[in-house]
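# A look at the structure
The lines below spell out each chain.
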Amino acid sequence: QVQLVESGGGLVQAGGSLRLSCAASGSIFSINVMGWHRQAPGKQRELVADIISGGSTNYADSVKGRFTISRDNAKNTVYLQMSSLKPEDTAVYYCAADVRTTPRGPRRDYWGQGTQVTVSS
């Protein structure tokens, strides 16, 4: 069993910053991709950013230049530094990880429970 626990959400004014963290624990052999997704009310869940184990990153156009994703492979933890926040960044942010639990087993996606980020104008 694998658990992902997010932290760091909250209420911030437009232009402010927040840092999200997500720690994966449990029966983990390796994690390939870790990422952040978000879902605003009435909208579909969308990818915000992801990062592979080697460090390559990918960002949604809407957050490029404002958000930075990073990870600590030794701690199975991924971070999302969010700056210059806008009201349209308001959403529940979910952490996801592509986990292999045994050396030759399949990879499977695991999700966190989500953390609310609210940006006031």
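One can find the structure itself at the top, above this paragraph.
Quick summary incoming for the structure in this document. (Residues numbered from 1 in each chain as written. Predicted model: local features only at pLDDT ≥ 70, side-chain atom pairs only at ≥ 80, totals over all residues. Heavy atoms only, no water.)

## Some remarks on the packing of aromatic side chains
- By the definition in use, this model includes zero aromatic pairs.
- Over the ring of Tyr-79 we find Arg-19, and its NZ or CZ is 4.1 Å from the ring centre. (Phe/Tyr/Trp six-rings, centres within 6.5 Å; stacked < 30°, edge-to-face > 60°. Lys NZ or Arg CZ within 6 Å of the ring centre and 35° of its normal.)

## A word on the sheet that holds strand E3 (residues 18–26)
- With respect to topology, four strands assemble into an open sheet ordered E1-E3-E8-E7, the strand pairing being antiparallel. Strands at the two margins of the open sheet, each flanked by one partner only, are strand E1 (2–7) and strand E7 (67–72). On average, each strand axis in the sheet is tilted by 15° relative to the strand beside it, whichever way the strands run.
- The pairing of E7 with strand E8 (residues 77–82) spans six bridges and is classified as antiparallel. Bridge pairing in E8 places Thr-68 opposite Gln-81. (Pairing = 2+ DSSP bridges. Helix = DSSP H or I, 4+ residues; strand = E, 2+ residues; numbered from the N terminus. Axes fitted to C-alpha atoms, helices over the stretch in contact; angles between N-to-C directions.)

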